[in-house]
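Remarks on the overall topology
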Amino acid sequence: MQRFASGGCRFSLLTEKFYSMKTNIKTSATNNTKARGKELRAKQTFENQTYGKRLCPGWMIALVSLLCTALVAGAGPVAVESDSVKAVETDSVKAVESDSVKAVETVSYEHIPDRLTDEDFREVAEELGVEVAAIKAVVEIEAGAKHEGFWANGKPIINFDLSMFRKFAARNKINLSRYQRSHAVVFAKPNRARYGSYQAAQQARLDAARTIDDKTAIEGTFWGMFQLGGFNWKVCGTSSPDEFVRLMSRSERDQLELFAEFIRETGMLPLLKAKNWSAFARRFNGPSYARRGYHTRLARAYAKYKAKK
């Protein structure tokens, strides 16, 4: 028993020592783990702060910085240019729409809605020394049997001629290629479906063209019941293209007076007096008058109105 007891005592001491060592080892391990964790966290923080520096040497960081700056600088103008183009196109379209509306709504002229009367024809015919039937013949060929000078209030019948517009644009040093997209309506065929009628479609083209260059647009258009070319504004006795349009837009009597001045100044009056339809047609309508039968149609219209006298 004693030996057992003594052995048990030694065993007990050994056990206590063992558990004491185990506790110390565990405590040490725990402390080591905490220290290791703290060390790892510190290291991670250090790595996070110096990640770029560890992966990229100073010269590489500087190089990347320069490249990024160059890329941003290179992209800047492109983005600005793209935005500028977009802004120009958008603004141009808005300008067309806005200026077209302005041309229709605010650039208006005094309008006298009275139709031409027989008295008007007689007075002007007497001034010119020609027959009323001769003048009415020209009106019928150019404006039709209705003898209308306007398609809407203040809007004279017009024929916006793109080929003439291009011709006078070149003469006036207007670069039309800049406006092909922003003023597409000018260069397209008259869109009856969109605007409701041929004249409304032509008006839309003219309005847009006037925002490119007012004088050129007026000169590239034929006006009123006699379809006088806007490029003849001086020959018609007006002081400017705008005055020419103002008179064309005011009344049919003004259109008749402009015609009278035109044939006086161009030397066509004697031809109309003599009823030399071929010579008059060549001067008034152009060299291809015969192919269009312009002279024979004039002769028939004159005979019709002569018979009604």
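In this convention, every chain numbers its residues from 1, walking through the sequence in written order. Predicted model: local features are reported for residues with pLDDT of at least 70 only, side-chain atom pairs are reported and counted for 80 or more only, and whole-chain, interface and lining totals are derived from all residues. Side-chain descriptors were evaluated using all non-hydrogen atoms of the structure, hydrogens and water having been removed beforehand.

Re the sheet that holds strand E4 (residues 221-223)
The cut-off we apply is this: Here, a strand pair is defined by DSSP locating no fewer than two bridges between the strands. Only DSSP runs of H or I reaching four residues or more are called helices, and only runs of E reaching two or more are called strands; each is numbered from the N terminus.
Taken together, the three strands give an open sheet; going across it, the order is E3-E4-E5, and neighbouring strands pair in antiparallel fashion. Of all strands in the sheet, those with a lone pairing partner are strand E3 (158-160) and strand E5 (228-229), marking the two edges. Sheet analysis places E3 next to E4, joined by three bridges and oriented antiparallel. By the bridge assignment for E4, phenylalanine 160 is matched with threonine 221.

Thoughts on a positive patch on the surface
The test is simple: Each patch is built from residues that are more than 30% exposed by relative accessible area and take part in no salt bridge. Like charges join if they lie within 9 Å; nonpolar side chains (Val, Leu, Ile, Met, Phe, Trp, Tyr) join within 5 Å. Under the convention used here, a 1.4 Å probe and the Shrake-Rupley method define accessible areas, while residue burial counts only the protein chains that appear. Just to be clear on terms, a salt bridge is a Lys or Arg side-chain nitrogen sitting within 4 Å of an Asp or Glu carboxyl oxygen. Just so you know, the count uses Lys and Arg for positive and Asp and Glu for negative, and it drops His and the chain ends. A charged residue contributes its charge at one atom only: NZ of Lys, CZ of Arg, CG of Asp or CD of Glu.
Together, Arg291, Arg292, Arg297 and Arg300 give the surface a local cluster of positive charge. One can find arginine 300 in helix H14 (residues 294-307).

Quick word on helix H4 (residues 132-143)
Quick reminder of the rule: An expected span of 1.5 Å times one less than the residue number is assigned to each helix. Here's how the labels work: a residue is buried when its accessible area is under 20% of the maximum for its type, exposed when over 50%, partly exposed in between, all with a 1.4 Å probe on protein chains only. Residue contacts are defined here by distance: any two heavy atoms, one from each residue, within 4.5 Å place the two residues in contact.
When the terminal C-alpha atoms of H4 are compared, their 16 Å separation across twelve residues agrees well with the 16 Å that a helix rising 1.5 Å per residue should span. When H4 is considered as a whole, its buried residues turn out to be Ala133, Ala134, Ile135, Lys136, Ala137, Val138, Val139, Glu140, Ile141 and Glu142. In this fold, the buried residues of H4 make contact with helix H3 (118-128), helix H11 (252-265), helix H12 (269-273), helix H13 (277-285) and H14. A positive backbone phi angle near 95 degrees is found at glycine 144, which sits one or two residues after H4.

A word on unusual backbone geometry
For lysine 173, which is not glycine, the phi torsion reads 60 degrees and is therefore positive. Its location among the elements puts lysine 173 in the loop between helix H5 (162-171) and helix H6 (184-187).

What about the layout of surface pockets?
This is how the line gets drawn: Using protein atoms alone on a 1 Å grid, points that fit a 1.4 Å probe yet trap it form a cavity, whereas open point sets bounded by protein on both sides within 12 Å along at least five of seven lines form a pocket; residues with an atom within 4 Å of a point count as lining. Grid points are joined across faces, edges and corners, and a volume is the space filled by probe spheres set on the points.
Roughly 330 Å³ of volume is contained in the second largest pocket. Contributions of two or more residues to the lining of the second largest pocket are made by E5 and H13.

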